[in-house]
Every structure is written in structure tokens, then in C-alpha cells.
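Descriptive structure summary
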Amino acid sequence: MAVIHHTTLKPTKLELLTTWLPTRPWYRGGADVPVLEKSGGFRLDDPEGEVGIEFMVATDASTEQRTAYLVPLTYRGAPLDGAEHALIGTTEHGVLGKRWVYDGCHDPVLVGALLSLIEGGAPAMAQSISDTPDREVTRSYTGEALVAEGLAARPTCDEEGTRLPAPQGTTLRLHRVLKPVAGNPPLPPRDVLGHVASGWQGPGGTRLRAVLMVLNRD
């Protein structure tokens, strides 16, 4: 399991996202620079122990209505071949040294770990505590075994989020702009094959929850 190092990052992840988020088609802010807060998220373990995998909820507090974004990230000790377009930036980690930070939807290690989570083969882990499962993350899957081997990460984005090709003719739809629901845990639409849901910190100490992504048949 991944070890969480409580150390410095220069620049921080939020500083990197401040310039990257406004370039995304699903960004809801205006011309002003976003004011980002880390509101929640979880991690997944790389079976090889080489790549850091995080699903961060970053909230933009600069708009009249606060907007929460789902930002999958991977952290690598060397550049990912062919993924220059997905590089968010580099940062200096106080323990691990230079790290390359990617939009994780373009990273096959994240995609494989995410499919394992949806299928129930790997747990979601706490964002900031080592070796601790995140019990708030819920998931479901109904279908054949998901085999990610040989599956290339070729995501496409639009104003609503990101679509990722998945095995057996399925598609993962990541809701980049999170819309809170009343249910606890949040339930997916009935016609999907699988889903992942969780919560994050809202204003005034509230806890907000939503379906983060769904798996559909093409």
C-alpha cells in the first residue's frame, strides 16, 4: 500500500491546478483566476508501487456558487512516454524529489486501478492517511470481468466531463463538475453497469455527496 508522506510540495498541487483548470472544456469559472480549496478525495494503490494515484475534489470558491471539480491525478518519478499533452506540471516533493503530475485520465496505471475499484477488486484508500481504506467511497458493478490489459487511455472531454474507453465495449463517464445529491450513499442511475460515489467537504462544515463516475455500455 502507498505511504503518504506529510512533507512539502513546491509548487503545490492546487497551485498547479489553478493554471490548468481554466484550460479545460468543463471548467465553469469565468475570466477570474480560480481560488481553489482541496475539499476531499481518495487514493488508489498502484500494484507496482511506482505511480501515485489520487482522485481529488477541488472546490473553486471564486464564483458566486462554489463549484466542486473531480480531478484524477497521477504522480510519477519520470515522464510518461507519449503523455506530454496530459502533463499538468512538475513539482518538487520534499521526500521523493521531482514529480511529474498528470491528468490521470491519460495514465493507463490510473485507468487499470479505477476499473479494479469499480469491479470490487481493489479498495479506495484514504487521501491523507497511509494504509487506511476510505469507507465513504461506494461502488457497484454488474457484468463480466473487466480486463484492462492492453487498454489504452484515450479520453475525450466535453463541457460535462470526460469519457474513457473501457473493456467489453463499455465507457467510463467521469463527472468533472460534481452535483451534490441528497442520498447517502448516492445511488447511480438504474441503467448503468457500474459506478463510484463519495463525499467531500461543503461550506459551513456540511458534507456533500455525489456519484463521481458511471460505467455504461456503448
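Everything that follows concerns the structure shown earlier in this document.
Now for a quick tour of the structure. (Residues numbered from 1 in each chain as written. Predicted model: local features only at pLDDT ≥ 70, side-chain atom pairs only at ≥ 80, totals over all residues. Heavy atoms only, no water.)

Our focus in this paragraph is the sheet that holds strand β13 (residues 207-217). Pairing is antiparallel across the open sheet formed by six strands, whose spatial order is β8-β12-β13-β11-β10-β9. What marks the edges here is a single partner per strand, and that holds for β8 (138-141) and β9 (156-157). Summarising the sheet, β8 and strand β12 (residues 194-201) pair through four bridges and their orientation is antiparallel. When the bridges of β12 are listed, serine 140 appears paired with histidine 195. (Pairing = 2+ DSSP bridges. Helix = DSSP H or I, 4+ residues; strand = E, 2+ residues; numbered from the N terminus.)

Taken in spatial order, the seven strands make up an open sheet running β1-β5-β6-β4-β3-β2-β7, and their pairing is antiparallel. The open sheet terminates on both sides in strands that have one partner only, identified here as β1 (9-10) and β7 (125-126). As defined by bridge partners, strand β4 (residues 67-76) adjoins strand β6 (residues 97-103) across four bridges and the pair is classed as antiparallel. Its bridge partner being in β6, threonine 74 is matched across the sheet by tyrosine 102. Most of the contacts of helix α2 (residues 108-119) go to strand β3 (residues 52-60), to which it runs at about 85°, and overall it touches β2 (36-44), β3 and β4. (Contact = heavy atoms within 4.5 Å. Axes fitted to C-alpha atoms, helices over the stretch in contact; angles between N-to-C directions.)

Another aspect to go through is unusual backbone geometry. The linkage connecting lysine 10 with the following residue, proline 11, adopts the cis geometry, with an omega of -5°. Assignment of secondary structure puts proline 11 in the loop between β1 and α1 (13-20). With an omega of 5°, the peptide bond running from asparagine 184 to proline 185 counts as cis. Considering the arrangement of structural elements, one finds proline 185 in the loop between β11 (170-175) and β12.

Another point: α2. For α2, spanning 12 residues, the distance from its first C-alpha to its last is 17 Å, which sits close to the expected 16 Å at 1.5 Å a residue. Inspection of α2 places Leu110, Val111, Ala113, Leu114, Leu115, Leu117 and Ile118 among the buried residues, and these make up the whole buried set. N-capping of α2 is provided by aspartate 107, with a side-chain oxygen placed 3.0 Å from the backbone N of valine 109. Looking one or two places after α2, you find glycine 120, whose phi comes out positive at around 95°. (Expected span 1.5 Å × (residues − 1). Buried < 20%, exposed > 50% of the residue type's maximum accessible area, 1.4 Å probe, protein only. Polar contact = N/O pair within 3.5 Å; in protein donor to acceptor, adjacent residues only side chain to side chain.)

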